[in-house]
Every structure is written in C-alpha cells, then in structure tokens.
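# Descriptive analysis of the structure
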Amino acid sequence: MDKTAIPQRLSGLAVAIVAGNGFEQSELVEPRRALDELGVTTRILAVSRGRIQGFHHDRPGDHFDVDLALEDARPDAFDGVLIPGGLRNADMIRASQHAQQFVRAIDQQDKPLAVICHGPWLLVSAGMVRGRTLTSWPTLQADIVNAGGHWRDEPVVVDRNWVSSRKPADLPQFINKFIELLDMHLQAAHAHG
C-alpha cells in the first residue's frame, strides 16, 4: 500500500511505543518516522523514565528519551501500540506487569497492536496469544505455539487488530499494514461515534 493513499486523517492519533534498553533500533525508528510523517504522535513508554538505548543487532545504537513510565500510562490516551523487538528489550519488557496490563487493555479495546521480531514475548507473557495467529523471530515459534497461538513464517501476518513481522527486512510491509490498521480503526470509531 502506498502511504500517500492515506490522507492526513491519521493526524492527531497517538501511538505508544513500548520498549526498553536493547530494542532493535530500526524496528522503532522506521515505523516512528512513517507515523510522524502522517501526523501521528508517537510516545516511548518504558519501565522507568530516563533514556533507553537502541541496538543494531548486537552493536549499541543511539539513546532515546522515554516520554512516559508504563506505570503512569493510560491506554485510553492511545490509539494503538508498537512493540519493537531486540532480544534484551523483549526479555526485560515481558517481565513488566505494567507493560502486560497496558497491552492487554489496548487489545481489549480492539486498538491496533503492531509487534515485530522478539516483541511477541510480551504478548505471550501477558497471556494474549491463545487462538491468535502471528509471526515473530523464528526462535519464538515454540513459545507462541506452547501459549496456544498459531505461528506463521511470513513477512507480515494480520489477525484482526494485530500485525506482526519477523525481522527488520520485513519493516516496509509491517509499517504499511500497521498504518492500514490504524486507518481502519479510525474509520470504525467514526462510524460508531
């Protein structure tokens, strides 16, 4: 899908980026840039305030300011959530009760949820994947299946309000599908409101 086909109607939406130290930098930066270009407000939510560090696979990347601690975040204030991958990041975030509660609340409101690489570990730990179909970094396949989910080895998988991808090479398709989901959610909200 061509992003230019979606007018600036997404302007004013807010997307939470749930991340911690060791996130895969391209999986945060590239979707964030695409959303910013459409006028979507993006805010980084982490376990604690301060700064978090991205990684380029195993090499340290840049530092990013945290906008909000997860314990202070209100799911009602956001229209969707992005969960980048990165092994260290995903392993830390999945242990956070606040992160688990936040993504469960977003999902219960049928808001778009975009997850890539190791990011689905949070959804597994939050008890959300039973009966859902998604993809991830290949090593998470067993975790997802053992949690009752269906795993596919595809560049992008959409299951209702979820979009998932495997790795940075899948980002173009991942970003486009997330934007489509945000647009569909916005249109559905207008139809009901």
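Structural data are supplied above this passage.
First things first, this report covers the structure right here in the doc. The shown structure was predicted, so the numbers you read here are calculated from the model rather than taken from an experiment. (Residues numbered from 1 in each chain as written. Predicted model: local features only at pLDDT ≥ 70, side-chain atom pairs only at ≥ 80, totals over all residues. Heavy atoms only, no water.)

## Notes on the packing of aromatic side chains
Counted by the stated rule, this structure contains two aromatic pairs. Aromatic side chains F23 and F64 sit 5.4 Å apart centroid to centroid with 65 degrees between the ring planes, which places their arrangement in the edge-to-face category. Within this pair, whereas F23 is found in strand β2 (residues 23-24), its partner F64 is found in strand β5 (residues 59-65), the two being separated by 41 residues in sequence. Neither residue differs from the other here; F23 and F64 are each classed as buried. (Phe/Tyr/Trp six-rings, centres within 6.5 Å; stacked < 30°, edge-to-face > 60°. Helix = DSSP H or I, 4+ residues; strand = E, 2+ residues; numbered from the N terminus. Buried < 20%, exposed > 50% of the residue type's maximum accessible area, 1.4 Å probe, protein only.)

## Description of the pattern of salt bridges
For the structure on display, the rule yields ten salt bridges. Here R152 ties to E154 by a salt bridge, and the two come within 4.0 Å at their closest N and O atoms. The class for R152 is partly exposed, based on a relative accessible area of 40%. Note on E154: relative accessible area 32%, which makes it partly exposed. If you follow the salt bridges from partner to partner, you end up with D107, R132 and D159 in one network. (Salt bridge = Lys/Arg side-chain N within 4 Å of Asp/Glu carboxyl O.)

## Considerations on helix α1 (residues 25-37)
Here α1 spans 18 Å end to end across 13 residues, near enough to the 18 Å set by a 1.5 Å rise per residue. Looking at the residues trailing α1, positive phi occurs at G39, about 85 degrees. (Expected span 1.5 Å × (residues − 1).)

## What to know about the sheet that holds β2
Taking strand neighbours across the sheet as the criterion, the three strands line up as β2-β4-β5 in an open arrangement whose pairing is mixed. At either margin of the open sheet sits one strand with a lone partner, and together these are β2 and β5. For β2 and strand β4 (residues 51-56), the ladder comprises two bridges, and the chain directions are parallel. Residue F23 lies in a different strand from β4, and its bridge partner there is G54. (Pairing = 2+ DSSP bridges.)

## Overview of the side chain of R32
Mapped onto the elements of the fold, R32 is located in helix α1. By relative accessible area, which is 19% here, R32 ends up buried. R32 has contacts with I17, T42, R43, I44, F64 and D67, leaving out every residue within four places of it along the chain. (Contact = heavy atoms within 4.5 Å.)

## Quick word on helix α3 (residues 97-108)
Residue pairs three or four apart in sequence face the same way in an α-helix, which turns once every 3.6 residues. For α3, built from twelve residues, the straight-helix expectation of 16 Å at 1.5 Å per residue is met to within 8% by its first-to-last C-alpha distance of 16 Å. By the burial criterion, the buried members of α3 are A99, Q100, F102, V103, A105, I106 and D107. For α3, the N-terminal capping position is held by S96, with its side-chain oxygen 3.3 Å away from the main-chain nitrogen of H98. Following α3 by one or two positions, D110 adopts a phi angle in the positive range, close to 60 degrees. (Polar contact = N/O pair within 3.5 Å; in protein donor to acceptor, adjacent residues only side chain to side chain.)

## Here's the deal with the pairing of strand β1 (residues 14-18)
Within β1, five of the five residues are buried, leaving the element largely enclosed by the surrounding structure. Burial along β1 is two-sided: A14, A16 and V18 and V15 and I17, pointing in opposite directions, are all buried. Relative to strand β3 (residues 41-46), β1 is paired through five bridges, and the arrangement is parallel. The residue bridging I17 from the neighbouring strand is I44, located in β3. Of the pairings in the sheet, the one linking β1 to strand β7 (residues 80-83) comprises three bridges and is parallel in character. The residue of β7 that forms the bridge with A16 is V81.

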